[in-house]
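Observations on the model geometry
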Amino acid sequence: MYNSQEKNVDLVREYFPSYNTARFQDQAEPNLAVQDNFLRLTAKHTADLASKPGVKVENLRYGGSDDRQLVDVYSKDEASSGPSPLMVYVHGGYWQMLDKDHSGSLVGPLVDRGYRVAVMDYNNCPQVTLPKLLEEFTSFLLWIFDYAESTKTSVISFAGHSAGAHLLAQLLNMPSLITEERRRKVRVVFFLCGVYDLRELWQLDAVNPSNIFGLDAESAVEVSPMLWSWPAASSSWQDVRSYVIAAGYESVTFIEQSRVFGNNLKSAGFSVTFKIFDKYDHFDIIEETAVDNSPITKYLLE
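Labelled according to an unreviewed UniProt entry, the chain appears under the name BD-FAE-like domain-containing protein, originating from Drosophila rubida.

Laid out in structure tokens, this is it:
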């Protein structure tokens, strides 16, 4: 569907980013090595923040009472009476793995510059279906705007990676639920290495084992941001800049989904920039957000 240049495309490889890395080629299974490295590094980055001098972590809940509707908010330890910017990060993991304990890589450089950083967690499939998860994500968005008001947030930025970028598209598709005053606080939205059309992947048992997403052909269309009708939404976000980012070492399908998604948003009237980071893969584009002067960190901070 998005890789029309080749016949007999291996869709599993197209939809598993770990197969497209150029790293760990000296390992017997580079696809597993790159995933293991990502888990190790992101967990370390997150754990290191807990012991970093001058960093405060608030453990908050945006919904439910005994599930994963949780948010960790990082900020400088010293109290500040003035408004501060807020960055909201939504992790990936194909809606079925990872959590906030693997989501702290980008926090350090932002906190050092005076940001609050809200790292969102959410219920994974099959605990919820994907349509239900989108409903919960809508509730989170309403909660984060409440939080921003209570903490005198000056501006809000959002970033989502992979499946998190898919969820984040919901932000731009709910103007009736977010007031104009709240929309004016949003400065920028980063969509990092996302997947936006689920019509192929939901049918792949390797990606969606035993249909843990709870989808069928009709609902797969409904939860695909690529296929949403945007014109009614775009006029309410005219001052927001969106960046749709792909990694160079991705499958053709992942890169083209990002390209087409960006074009769709632009055609609908959004302010959108599409960019490919040539030297990154799906994983180190997040790992290197922990490095203050890395290309991806500099881009996010600009």
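1. Observations concerning the overall build of the chain
Looking only at helices and strands, the chain features 11 helices and eight strands. Its C-alpha atoms give the chain a radius of gyration of 18 Å, near enough to 19 Å, the size a compact globule of 302 residues would have. In terms of overall dimensions, the chain has C-alpha extents of about 60 × 45 × 40 Å along its principal axes. Buried positions account for 55% of the 302 residues belonging to the chain. In the chain, the share of contacts with a sequence separation of at least 24, taken over all contacts with a separation of at least 6, comes to 75%. Of the roughly 12900 Å² of accessible surface on the chain, 48% is carried by carbon and sulfur atoms. Computed over 27 positive and 39 negative side-chain charges, the separation of the two mean positions in the chain equals 8 Å.

2. Observations concerning the nonpolar core
Side chains of a nonpolar character, in soluble globular proteins, are inclined to be buried together. Core analysis: the biggest nonpolar cluster contains 64 residues, and W95, F140, I144, F158, L171 and F191 have the highest contact counts within it. Going through the elements one at a time, β2 (70-76), β3 (84-90), β4 (116-120), α4 (130-150), β5 (153-161), α5 (163-168), β6 (186-192) and α9 (252-267) are the ones with two or more residues in this core. The dominant element in this core, judged by the number of residues it contributes, is α4, at 11 residues. Once residues within four sequence positions are removed from consideration, L171 is found in contact with L141, F145, F158, I178, V189 and W237. Residues V34, V111, V188 and A247 belong to the second largest nonpolar core, which totals 31 residues.

3. A look at the packing of aromatic side chains
All told, the structure shown has 22 aromatic pairs when counted by the stated rule. Ring centres 6.4 Å apart and planes at 80° place the aromatic pair F16 and Y94 in the edge-to-face group. One end of the pair, F16, is in the loop between α1 (11-15) and α2 (30-50); the other, Y94, is in the loop between β3 and α3 (107-112), with 78 residues separating them in the sequence. Overall, F16 belongs to the partly exposed group, its relative accessible area being 21%.

4. Observations regarding the sheet that holds β2
As summarised here, the arrangement of the eight strands in space is β1-β2-β4-β3-β5-β6-β7-β8, forming an open sheet in which the pairing is mixed. The open sheet has two edge strands with one neighbour each: β1 (55-61) and β8 (271-281). Across the sheet, the mean angle separating the axes of adjacent strands is 20° when strand polarity is ignored. Where strand β7 (residues 241-249) meets β8, eight bridges bridge the pair, whose relative direction is parallel. The partner of S242 across the bridge, within β8, is V272.

5. A short note on the pattern of salt bridges
Pairing between side chains of opposite charge can happen when their charged atoms approach one another. Applying the stated criterion across every chain yields a total of 16 salt bridges. Across the salt bridge formed by R182 and D146, the nearest N and O atoms sit 2.4 Å from each other. One end of the pair, R182, is in helix α6 (residues 180-183); the other, D146, is in helix α4, with 36 residues separating them in the sequence. For R182, a relative accessible area of 13% translates into the label buried. Residue D146 is classed as partly exposed on the basis of its relative accessible area of 43%. Note that R199 is salt-bridged to D197, the shortest N-O span being 2.7 Å. The partly exposed category is assigned to R199, whose relative accessible area is 29%. By sharing partners, the salt bridges in this structure join R23, D281, D284 and E287 into a single network.

6. Considerations on α4
End to end, α4 covers 30 Å across 21 residues, agreeing with the expected 30 Å (1.5 Å per residue, within 8%). Looking one or two residues past α4, K152 carries a phi angle of roughly 60°, positive in sign.

7. Regarding α9
With 16 residues, α9 extends 22 Å from end C-alpha to end C-alpha; this agrees with the ideal 22 Å at 1.5 Å per step. All buried positions along α9 are accounted for by T253, F254, I255, Q257, S258, F261, G262 and L265. Looking at the packing, one finds that the buried side of α9 touches α1, β6, β7 and β8. Backbone geometry just after α9 places G269 at a positive phi near 110°.

Thresholds applied
- Residues numbered from 1 in each chain as written.
- Predicted model: local features only at pLDDT ≥ 70, side-chain atom pairs only at ≥ 80, totals over all residues.
- Heavy atoms only, no water.
- Helix = DSSP H or I, 4+ residues; strand = E, 2+ residues; numbered from the N terminus.
- Rg over C-alpha atoms; globule rule 2.2 N^0.38 Å.
- Buried < 20%, exposed > 50% of the residue type's maximum accessible area, 1.4 Å probe, protein only.
- Contact = heavy atoms within 4.5 Å.
- Areas by Shrake-Rupley, 256 points an atom, 1.4 Å probe, with all protein chains shown as cover.
- Lys, Arg positive; Asp, Glu negative; His and termini not counted.
- Charge placed at Lys NZ, Arg CZ, Asp CG, Glu CD.
- Core = buried A, V, L, I, M, F, W, Y, C linked by side-chain atoms within 4.5 Å.
- Phe/Tyr/Trp six-rings, centres within 6.5 Å; stacked < 30°, edge-to-face > 60°.
- Pairing = 2+ DSSP bridges.
- Axes fitted to C-alpha atoms, helices over the stretch in contact; angles between N-to-C directions.
- Salt bridge = Lys/Arg side-chain N within 4 Å of Asp/Glu carboxyl O.
- Expected span 1.5 Å × (residues − 1).

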